[in-house]
Amino acid sequence: MSNYGLRKRVMVTGGAGFLGSHLCERLLGDGHDVLCVDNFFTGTRDNILPLLENPHFEVIRHDVTFPLYVEVDEIYNLACPASPVHYQADPVQTTKTCVHGTINMLGLAKRVKAKILQASTSEVYGDPAEHPQTESYWGNVNPIGPRSCYDEGKRCAETLFFDYRRQHGLRIKVARIFNTYGPRMHPNDGRVVSNFIVQALSARPITIYGDGLQTRSFCYVSDLVDGLIRLMDTPDDFAGPVNLGNPVEFTIGELATRVVALSASGSAIEYKSLPVDDPRQRKPDIALAEAKLSWRPSVGLEAGLADTIAYFKALLARDPAASGRR
Ligand SMILES: NC(=O)c1ccc[n+]([C@@H]2O[C@H](COP(=O)([O-])OP(=O)(O)OC[C@H]3O[C@@H](n4cnc5c(N)ncnc54)[C@H](O)[C@@H]3O)[C@@H](O)[C@H]2O)c1
């Protein structure tokens, strides 16, 4: 039973993280009760500080690899470290979060008859042999490499979602999220946008791994959150998986140049060798999201980067140690 049908009770696992905190904020703004569940592995209270005074916002410190019993109407399952630095720090825990955590959240959704959405990833496509990637592509993933705890963990989570749907009739939604950036990204977790910005703002060289010709597409966080909410609101017969990302493609070299220009930085660009299993190309085909969610990203790279640079400027002014410089 929801609160007299007036507000939805929405749970966001990983709600103190980068994407989760923006999602919580948007859901509160839409007039819902929001329960943020996080173990603060990569998330921080700072990300949700402004929300703590809202009487419709609640936080539980909890690790999703353990069962949780709460009454909710909808679950957004975002809990999982998302950057290689963090998910490779304790790969067994990453797989546990993806697999045990997902089983626990699906079990909860089954018990309280909640609708549940999985934050999956473009990493399920691995180093893709098809370009751009449509949802029907099965992927090219190394099952035993250093990225496998995350890639295979997320693939298994998708399997679990669809098995709970087939076996128990659960109302599920699976979003395959492509590179997303914006304020509240972790300042030194090795993700390319935050890396470049922090390096540029602290006048260090910008590090490009490989020749810089590998491409990525970058989605601004508000666009992504909007896509997640639209997906949750689709009719029950639509489960996805659906790609959410910005199809406008840039080379990593182009991104570096723009960050240097927008930060008014004098940083030079330096090249290092490419990490294992780093994909050459990554670009979503978003035709399905356009058709089913009437969604397409609206924030361009310049505007999104400007907001993100402003955030990091303020962060580094407040806390110079956030630059990661020893
Ligand atoms: N940001 C992206 O570009 C991107 C791309 C693809 C997929 N995703 C997915 O979106 C989700 C959120 O990513 P993000 O970028 O906000 O990362 P993030 O690291 O900022 O957020 C993840 C959150 O989950 C929490 N968490 C981790 N393990 C947990 C556990 N066992 N129990 C409870 N909480 C736990 C962390 O403390 C953190 O707050 C992740 O599932 C990620 O795989 C993100």
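Whatever comes next refers back to the structure up there.
In this report, the structure presented in the accompanying data block is examined. (Residues numbered from 1 in each chain as written. Predicted model: local features only at pLDDT ≥ 70, side-chain atom pairs only at ≥ 80, totals over all residues. Heavy atoms only, no water.)

1. Some words on the site of the ligand
Let me state the cut-off plainly: Working definition: residue near molecule or strand if any one of its non-hydrogen atoms lies within 4 Å of it. Within 3.5 Å is the distance limit for a polar contact, defined as a pair of N or O atoms, with the added protein rule that one can donate a hydrogen and the other accept it, and that residues adjacent in sequence qualify only through two side-chain atoms. Areas reported as accessible are Shrake-Rupley estimates using a 1.4 Å probe. Residue values count occlusion only from the protein chains shown. The secondary structure listing takes helices from DSSP runs of H or I that are at least 4 residues long and strands from runs of E that are at least 2 residues long, numbered from the N terminus.
In the region of the ligand, 30 residues are neighbours, and Leu19, Asp38, Thr42, Tyr150 and Lys154 sit closest. Backbone polar atom of cysteine 80 to an oxygen atom of the ligand: 3.3 Å apart, as the coordinates give it. The protein chains hide 97% of the 820 Å² of surface that the ligand would expose on its own. Among the elements of the structure, helix H1 (18–29), helix H4 (91–112), strand E5 (115–121) and helix H5 (148–168) are those that each provide at least two residues to the shell around the ligand. No other element matches the three residues that E5 contributes to the shell around the ligand.

2. Re the nonpolar core
Worth spelling out the cut-off: We define the nonpolar core as a collection of buried residues of types Ala, Val, Leu, Ile, Met, Phe, Trp, Tyr and Cys that are connected through side-chain atoms lying within 4.5 Å of one another. A 1.4 Å probe rolled over the protein chains alone gives each residue an accessible area, and that area as a share of the maximum for its type sets the label: buried under 20%, exposed over 50%, partly exposed in between. Pairs of residues are marked as contacts when any of their non-hydrogen atoms sit within 4.5 Å.
One finds Leu23, Tyr76, Leu228 and Leu305 to be the most contacted residues of the largest nonpolar core, which totals 61 residues. If one sorts the elements of this core by residue count, helix H7 (residues 221–232) sits on top with seven residues. The contact partners of leucine 228, leaving out residues within four places of it in the chain, are Leu23, Tyr76, Leu117, Ala175, Ile177 and Leu244. By size, the runner-up hydrophobic cluster in this structure holds 30 residues, among which are Val37, Cys98, Tyr164 and Leu170.

3. Describing the sheet that holds strand E4 (residues 74–77)
For clarity, the cut-off: Note: two strands are recorded as paired if DSSP finds a minimum of 2 bridges between them. Orientation is described by lines fitted to C-alpha atoms, with helices fitted over the stretch in contact, and by angles between N-to-C directions that extend from 0 to 180 degrees.
With parallel pairing, the seven strands of this open sheet are ordered in space as E3-E2-E1-E4-E5-E6-E11. The open sheet has two edge strands with one neighbour each: strand E3 (57–61) and strand E11 (242–244). Here the strands of the sheet are splayed against their neighbours by 20 degrees on average, with no regard to which way each runs. One ladder, built from five bridges, connects strand E1 (residues 9–13) with strand E2 (residues 33–38); its direction is parallel. Note on E2: the bridge partner recorded for arginine 9 is aspartate 33. Contacting E1, E2, E3, E4 and strand E6 (172–177), H1 crosses the sheet at an angle of about 170 degrees to E1. In the packing of H7 onto the sheet, contacts are made with E4, E5, E6 and E11, and the angle to E6 comes to roughly 160 degrees.

4. Concerning the packing of aromatic side chains
The following threshold applies: A pair of Phe, Tyr and Trp rings is counted when the ring centres sit within 6.5 Å of each other, with Trp represented by its six-membered ring. The angle between the planes then sorts it: under 30 degrees is stacked, over 60 is edge-to-face, the rest tilted.
A complete count under the given rule lists five aromatic pairs for this structure. Taking 6.0 Å as the distance between ring centres and 25 degrees as the angle between the ring planes, the aromatic pair formed by tyrosine 125 and tyrosine 137 counts as stacked. Residue tyrosine 125 is found in the loop between E5 and H5, and its partner tyrosine 137 is found in the loop between E5 and H5; the two are separated by twelve residues along the sequence. Of the two residues examined, tyrosine 125 and tyrosine 137, each falls in the buried class. Every member of this aromatic cluster is reached through a ring pair, and the members are Tyr125, Tyr137 and Phe178.

5. Side note on the packing of helix H6 (residues 192–201) against helix H8 (residues 252–262)
Heads up, the rule is: Handedness of a crossing is defined here by the sense of rotation of the near helix relative to the far one, left-handed for an anticlockwise turn of less than a right angle and right-handed for a clockwise turn. Three categories are distinguished: nonpolar for Ala, Val, Leu, Ile, Met, Phe, Trp, Tyr, Cys and Pro, charged for Asp, Glu, Lys and Arg, and polar for the others, with Gly belonging to the last.
Viewed as axis vectors pointing N to C, H6 and H8 meet at an angle of 35 degrees, and their least axial separation amounts to 10 Å. Considering only the axes of H6 and H8, their crossing is right-handed. Touching Val192, Val193, Phe196, Ile197 and Ala200 of H6 are Ile252, Leu255, Ala256 and Val259, all from H8. Looking at the contact of H6 with H8 residue by residue, the classes come out as nine nonpolar, no polar and no charged.

6. A closer look at helix H10 (residues 301–318)
Because each turn of an α-helix spans 3.6 residues, side chains separated by three or four positions end up pointing in the same direction. As a reminder, the rule being used: For a helix, the expected span equals 1.5 Å multiplied by the number of residues minus one. What the arc covers is the set of directions going from the helix axis to the C-beta atoms.
Spanning 18 residues, H10 covers 25 Å between terminal C-alpha atoms, matching the ideal 26 Å at 1.5 Å per step. Of the residues making up H10, those classed as buried are Leu301, Gly304, Leu305, Thr308, Ile309, Phe312, Leu315 and Leu316. Buried residues of H10 fall within an arc of 130 degrees about the axis and therefore sit on the same side. Relative to its buried face, H10 has exposed residues pointing more than 90 degrees away, namely Ala317 and Arg318.

7. Some points on the pattern of salt bridges
Basically, it comes down to this: By definition here, a salt bridge exists when the distance from a side-chain nitrogen of Lys or Arg to a carboxyl oxygen of Asp or Glu is within 4 Å.
Inspection of every chain in the model, using the stated rule, returns 18 salt bridges. Between arginine 230 and aspartate 226 there is a salt bridge, with the nearest N and O atoms lying 2.9 Å from each other. Of the two residues, arginine 230 and aspartate 226 are both situated in helix H7; the distance of four residues between them amounts to about one turn of the helix. Exposure remark for arginine 230: the relative accessible area of 34% places this residue in the partly exposed category. Taking the shortest distance from any N to any O, the salt bridge between arginine 296 and glutamate 290 comes out at 2.2 Å. Here glutamate 290 falls in the partly exposed class, since its relative accessible area comes to 32%. One connected set of salt bridges, linked through shared partners, spans Lys8, Glu74, Lys115 and Asp233.

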